[in-house]
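Structure assessment
Given next are the chains, with one letter for each unit.
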Amino acid sequence: MLIRYKKPDKKNALSIIESAERNMKFTLSLEATESSADTIVRNIYECFRMLGDALLVAKGIESEDHTAPINELLKTEVKTTRPINLIWNLKRLRHNINYYGYNPQLAEVEDVISVAKSCFKPLLDAVLKEIQ
């Protein structure tokens, strides 16, 4: 994992958070079907990753992979109805979709949506609080 240190940029971090929130809102508005399944999973994972990336950007850290942003996000102290460690499952599912042509089942997509609905807003609020 390559980490590059830069000047902390809270303005850019807030912009990333706004984009993640906007993308999550749109993604959750999509109907879960066989044709939308992979897009929904990818987008939801990406929104979580962006929150972790915002934390790093605010600290002046630029990472080259997805592991550092997810690790940073999981350090956030937040209470959710589902464990935030499930984000690792999203990462694996997205990886299988992107690199192995996996087609997620509708039950998997519904579970991903459930994780997003139970974890994203609390994490978003915690990340905003930490950055501001």
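Look up a bit, the structure's there.
Structural notes, computed from the coordinates. (Residues numbered from 1 in each chain as written. Predicted model: local features only at pLDDT ≥ 70, side-chain atom pairs only at ≥ 80, totals over all residues. Heavy atoms only, no water.)

1. A word on the overall build of the protein chain
On a plain count of helices and strands, the protein chain comes out with five helices and two strands. For the protein chain, the sequential pattern of α-helices and β-strands runs β-α-α-β-α-α-α. Over its C-alpha trace the protein chain gives a radius of gyration of 14 Å, about what one expects of a compact globule, namely 14 Å for 132 residues. The principal-axis extents of the C-alpha atoms in the protein chain amount to approximately 45 × 30 × 25 Å. The burial tally for the protein chain puts 43% of its 132 residues in the buried class. Sequence-distant contacts in the protein chain: of pairs separated by 6 or more residues, those separated by 24 or more amount to 74%. For the protein chain, the accessible area works out to roughly 7600 Å², and carbon and sulfur atoms hold 49% of it. Charge-centre separation for the protein chain: the mean point of 19 positive side chains lies 6 Å from the mean point of 18 negative side chains. (Helix = DSSP H or I, 4+ residues; strand = E, 2+ residues; numbered from the N terminus. Rg over C-alpha atoms; globule rule 2.2 N^0.38 Å. Buried < 20%, exposed > 50% of the residue type's maximum accessible area, 1.4 Å probe, protein only. Contact = heavy atoms within 4.5 Å. Areas by Shrake-Rupley, 256 points an atom, 1.4 Å probe, with all protein chains shown as cover. Lys, Arg positive; Asp, Glu negative; His and termini not counted. Charge placed at Lys NZ, Arg CZ, Asp CG, Glu CD.)

2. Things to note about the packing of aromatic side chains
The final tally for this structure, using the stated rule, is one aromatic pair. Each ring, one from phenylalanine 48 and one from phenylalanine 120, has its centre 5.5 Å from the other, and the planes form 80°; the classification is edge-to-face. With phenylalanine 48 in helix α2 (residues 37-59) and phenylalanine 120 in helix α5 (residues 106-131), the pair connects residues that are 72 residues apart, well separated along the chain. Phenylalanine 48 gets classed as buried once you look at its relative accessible area, which sits at 0%. (Phe/Tyr/Trp six-rings, centres within 6.5 Å; stacked < 30°, edge-to-face > 60°.)

3. Concerning the environment of alanine 68
For alanine 68, the location among the structural elements is in helix α3 (residues 67-74). Expressed as a C-alpha distance, the spacing of alanine 68 and serine 35, which sit 33 residues apart in the sequence, is 31 Å.

4. Details of the packing of helix α1 (residues 10-29) against α2
As a packed pair, α1 and α2 sit with axes 8 Å apart at the nearest point and diverge in direction by 165°. Classified by the interaxial angle, the pair formed by α1 and α2 is roughly antiparallel. In this structure, α1 crosses over α2, and the sense of that crossing is left-handed. Residues Lys10, Asn12, Ala13, Ile16, Ile17, Ser19, Ala20, Asn23, Met24, Thr27 and Leu28 of α1 touch α2, and the partners they reach there are Ile40, Asn43, Ile44, Cys47, Phe48, Met50, Leu51, Asp53, Ala54, Val57 and Ala58. Taken together, the residues of the contact of α1 with α2 sort by class into 15 nonpolar, five polar and two charged. (Axes fitted to C-alpha atoms, helices over the stretch in contact; angles between N-to-C directions. Parallel < 35°, antiparallel > 145°, perpendicular 65-115°, else oblique. Left-handed = near helix turned anticlockwise from the far one by under 90°. Nonpolar A, V, L, I, M, F, W, Y, C, P; charged D, E, K, R; others polar.)

5. Some words on the side chain of serine 63
Topologically, serine 63 is positioned in strand β2 (residues 61-63). Separated by 3.0 Å, the side chain of serine 63 and the backbone oxygen of aspartate 65 make a polar contact. (Polar contact = N/O pair within 3.5 Å; in protein donor to acceptor, adjacent residues only side chain to side chain.)

Keep in mind these values describe shape, not function.
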